[in-house]
Amino acid sequence: MPAKTPTLDPPQRVLLGPGPSDVPARVLQALAAPTIGHLDPAYLAIMDETRQMLRDVFRTKNELTLAVSGTGSAGMESCVVNLIEPGDEMIVCVNGVFGTRMRDVAQRCGATVHSIEADWGTVITDQQVAEALQAHPKSKVLGIVHAETSTGAHQPLEAISRLVQDAGALLLVDAVTSLGGIEVRVDDWAIDAIYSGTQKCLSCPPGLAPVSFSPRAVAAMEARQTPVASWYLDMSMLRNYWSADRVYHHTAPINMTYALRESLAIVLEEGLEDRIARHQLNHQALRAGLEAMGLQWVPEHSLTTLNAVYVPDGVDDARVRSRLLREYGIEIGAGLGPFKGRAWRIGLMGHSSSQRNVTLLLAALETILSDEGIAIDGGAALSAAAEQRR
Ligand SMILES: *Cc1c(COP(=O)(O)O)cnc(C)c1O
């Protein structure tokens, strides 16, 4: 008799890292609903419903709004590869890991890339964008990261959007760690192409990448002289698949669409304003608590969804993270690039952004840091956090 494979038994965690975030039971249950054919009328109705919910969450009327099969990175790649043809000029704003990746993707698509660089942890200024647009007036696209998960910096977009529009270029935004957590207004901010991921503030497992393209972006795609370099991510074909014509392209990940639909329903039931306010409040409470413990913030302009803080002097970064995981089941993230070993990245995204989790993390971290020999005023962190909720 062949040996029986042990039952799958992943541990229960509290996911407070840079993604994925905790997934509500309702979304996990949706994954277990019956798989049906991807051309079944019942599935087509679910796709349509999901597209409309995505428009609501993106705050857009863009017809071309859908979920790309793949994680957030597939969203990045699909935006760039559909807008860029070999020889096009593109400006990419680089102040962390994800800006660096966008530049890499643009170069692979054959773009001549002009980078705007800023120190990790800072944001790109309007002045830098104005200068770059002036220096490179033929630029077709300007790409920028709204929520730089590697540094915790929150990039303001409104003034930059006006500059890009005035220059006649297209604005491409990475909203992977912002959509569903902080304000994102695709139409009001005249964003031409935007991508996100399911696993961050939407609190759905990783696997789909919501994207949306403005009519101007669609016109740019239709005016292409060369075919899109990626067959799988070619929007001209994906559009037909997601349209009333339902031209077969690839088989959509059926059950992931169910999960995304449920997670979007949860977002819309809570209401975008209330959800953004919840992320704000939990961030403030965490911040007050960690600062009461003597920790310092990395970025000046911090996200509420991702909190990057310096590891206190004399503390072993990896040991603290592994104790949090082992003793409390809490996952937080390590620093990247220049912050490797020097910062922690604490996500409060979607379902993970709760009073319960903030309290748990502050108490756990206070206990561990005291053990590690850091002088901490016991209880000060929880009082400071509670003060924010009064
Ligand atoms: C996580 C993340 C991505 C990549 O998403 P994956 O789901 O890991 O592919 C892209 N951009 C930002 C800002 C992110 O935080």
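Residues numbered from 1 in each chain as written. Predicted model: local features only at pLDDT ≥ 70, side-chain atom pairs only at ≥ 80, totals over all residues. Heavy atoms only, no water.

1. Topic: the site of the ligand
The criterion, for reference: Residues are counted as near a molecule or strand when any one of their heavy atoms sits within 4 Å of it. The term polar contact refers here to a pair of N or O atoms within 3.5 Å; inside protein, the definition further demands a hydrogen-donor-capable atom paired with an acceptor-capable atom, and it admits residues adjacent in sequence only when both atoms are side-chain atoms. When residues are sorted by character, Ala, Val, Leu, Ile, Met, Phe, Trp, Tyr, Cys and Pro go into the nonpolar class, Asp, Glu, Lys and Arg into the charged class, and all the rest, Gly among them, into the polar class.
Inspection of the region around the ligand gives Thr71, Gly72, Ser73, Phe98, Ala147, Thr149, Asp174, Val176, Thr177, Gln199 and Lys200 as its neighbouring residues. Here an oxygen atom of the ligand and a side-chain polar atom of threonine 149 are 2.4 Å apart. Taking lysine 200, its side chain carries an N or O atom lying 2.7 Å from an oxygen atom of the ligand. Tallied by class, residues from the shell around the ligand come to 3 nonpolar, 6 polar and 2 charged.

2. Side note on the pattern of salt bridges
The condition is simple: Only one rule defines a salt bridge in this text: a Lys or Arg side-chain nitrogen within 4 Å of an Asp or Glu carboxyl oxygen. Every helix listed is a DSSP run of H or I at least four residues long, and every strand listed is a run of E at least two residues long, numbered separately from the N terminus.
A full pass over the atoms with the stated rule returns 25 salt bridges. Between arginine 103 and glutamate 117 there is a salt bridge, and its shortest N-O distance comes to 3.0 Å. Of this pair, arginine 103 sits in helix H4 (residues 97-108) while glutamate 117 sits in strand E4 (residues 112-117); the two residues are 14 residues apart in sequence, bridging distant segments of the chain. With a shortest N-O distance of 2.5 Å, arginine 319 and glutamate 372 are connected by a salt bridge.

3. Topic: the domain arrangement of the protein
Convention followed: Where each domain starts and ends comes from a domain assignment, either automatic or drawn from a database. For this analysis, residues touch if any pair of their heavy atoms sits within 4.5 Å. Summed over both partners, the accessible area (1.4 Å probe) lost when two parts come together is defined as the buried area.
Along its sequence, the protein is organised into domain 1 (25-269) and domain 2 (272-387). Spacing between the C-alpha centres of domain 1 and domain 2 amounts to 29 Å. Taken together, the contact between domain 1 and domain 2 spans 29 residues of the former and 24 residues of the latter. Between domain 1 and domain 2, roughly 2,000 Å² of surface is buried when both sides are summed, and carbon and sulfur atoms account for 64% of that area. Together, Trp120, Gly152 and His154 form the three largest contributors to the area buried by domain 1 at its contact with domain 2, with a combined 21%. On the surface where domain 1 and domain 2 come into contact, there are 2 salt bridges. Close ionic contact of arginine 185 with glutamate 273 constitutes a salt bridge, the shortest N to O distance being 3.7 Å. Across the domain 1-domain 2 interface, the total number found is 8 residue pairs in polar contact (both at pLDDT 80 or more). Of all the elements in the fold, those that place two or more residues in the side of domain 1 that touches domain 2 are helix H2 (41-58), strand E6 (147-148), strand E7 (153-154) and helix H9 (254-270). Within the side of domain 1 that touches domain 2, the residues separate by chemical class into 12 nonpolar, 11 polar and 6 charged.

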